[in-house]
Amino acid sequence: MYRTGIVTLSDKGAAGEREDLSGAVIREILEQAGFEVVSYKILADEGEDLKAELVRLSDEVKCDLVLTTGGTGFSPRDVTPEATLAIADRNAPGIAEAMRAYSMTVTKRAMLSRAVSVIRKSTLIINLPGSPKAVRESLEYILDTLSHGLEILSGKGGECARK
Ligand code: MTE
C-alpha cells in the first residue's frame with residue numbers, strides 16, 4: 001500500500017472561504033485504488049510554504065507519492081510548479097506530459113496548465129490542476145501506470161515486462 005500525501009494550494013481554501021472539493025476528489029480516487037492517505041493539507045499559494053511541505057512529506061513522512069492540486073495556471077499567485085521544481089532531485093516529465101496530452105482531448109485549456117512531475121529521493125511528486133473536474137480527468141488517466149512507476153521507484157518491483 002503506497003503512502004500518499006495531498007497538498008491543496010488555494011488562498012481561499014486556506015482562509016476557510018472555499019471548500020476543498022479537489023482535495024476530496026484526490027482522496028476518493030486514491031482510497032478506491034488502495035492507496036493510503038497519510039497527510040492532507042490546504043496551503044495558501046506561497047512558494048516557500050509549499051517547498052517546506054513537499055520536503056517534509058518526502059524526507060520525514062516518507063511518502064511514496066505526493067499529489068498537489070491548484071496553482072499551476074498563469075495567475076501571478078500560481079507558484080506550484082516553481083516550488084516543486086525547486087525541491088526536486090530528478091525530473092519525471094512524462095507524467096505531466098501525459099496528463100496534458102489526454103486533457104487536451106477534453107479541453108484545449110489544458111495547455112494552460114504548467115504542472116510538473118518530479119522525483120525527490122524516493123518520492124514521486126505530481127502537480128494536478130485546480131478544479132475538481134480537472135483533477136478527476138487527470139488522475140484517473142495516470143493512475144494505473146503510476147503504480148508501476150512507484151513499484152520501480154520504491155524498489156518493490158523492478159522489471160518492466162518486455163512485450
Ligand atoms: N485539465 C483537465 N483535464 N481538465 C480541465 O478542465 N482545465 C485547465 C487546465 N487543465 C483543465 C485542465 C485550465 S482552465 C487551467 S487554467 C489550468 O489547468 C490550470 O489550472 P490551475 O491554475 O487551477 O492549476
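Here's a quick rundown of the structure. (Residues numbered from 1 in each chain as written. Predicted model: local features only at pLDDT ≥ 70, side-chain atom pairs only at ≥ 80, totals over all residues. Heavy atoms only, no water.)

**Here we look at the site of the ligand**
In step 1: Near the ligand, the surroundings consist of 16 residues, among which Thr72, Gly73, Ser103, Gly130 and Glu137 are the closest.
In step 2: Within the side chain of Lys133, an N or O atom sits 3.3 Å from an oxygen atom of the ligand.
In step 3: Within the side chain of Glu137, an N or O atom sits 2.6 Å from a nitrogen atom of the ligand.
In step 4: Coverage of the ligand by the protein amounts to 78% of the 530 Å² it exposes when considered alone.
In step 5: Considering every element that reaches the shell around the ligand, the biggest residue donor is helix 6 (residues 132–154), with four residues.
In step 6: Residues that form the shell around the ligand fall into these classes: three nonpolar, nine polar and four charged. (Near = heavy atom within 4 Å. Polar contact = N/O pair within 3.5 Å; in protein donor to acceptor, adjacent residues only side chain to side chain. Areas by Shrake-Rupley, 256 points an atom, 1.4 Å probe, with all protein chains shown as cover. Helix = DSSP H or I, 4+ residues; strand = E, 2+ residues; numbered from the N terminus. Nonpolar A, V, L, I, M, F, W, Y, C, P; charged D, E, K, R; others polar.)

**Some points on the packing of helix 2 (residues 21–32) against helix 6**
In step 1: Running from amino to carboxyl end, helix 2 crosses helix 6 at an angle of 25°, the nearest separation of the two axes being 9 Å. Compared by their axis directions, helix 2 and helix 6 come out roughly parallel. Here helix 2 runs over helix 6; the crossing is right-handed. Here helix 2 contributes Leu21, Ser22, Val25, Ile26, Glu28, Ile29 and Leu30 to the contact with helix 6, which in turn contributes Pro132, Val135, Arg136, Leu139, Glu140 and Leu143.
In step 2: For the contact of helix 2 with helix 6, a count of residues per class yields nine nonpolar, one polar and three charged. (Axes fitted to C-alpha atoms, helices over the stretch in contact; angles between N-to-C directions. Parallel < 35°, antiparallel > 145°, perpendicular 65-115°, else oblique. Left-handed = near helix turned anticlockwise from the far one by under 90°. Contact = heavy atoms within 4.5 Å.)

**Describing the pattern of salt bridges**
In step 1: Following the criterion strictly, the structure yields twelve salt bridges and no others.
In step 2: The closest approach of N and O atoms between Asp59 and Arg120, which form a salt bridge, is 2.7 Å. In this pair, Asp59 sits in helix 3 (residues 47–60) while Arg120 sits in strand 5 (residues 117–120), placing the two residues 61 residues apart along the sequence.
In step 3: Relative accessible area serves as the criterion here: at 19%, Asp59 is assigned to the buried category.
In step 4: Salt bridges here are not isolated pairs; linked through shared partners, they connect Asp11, Glu46 and Arg77. (Salt bridge = Lys/Arg side-chain N within 4 Å of Asp/Glu carboxyl O. Buried < 20%, exposed > 50% of the residue type's maximum accessible area, 1.4 Å probe, protein only.)

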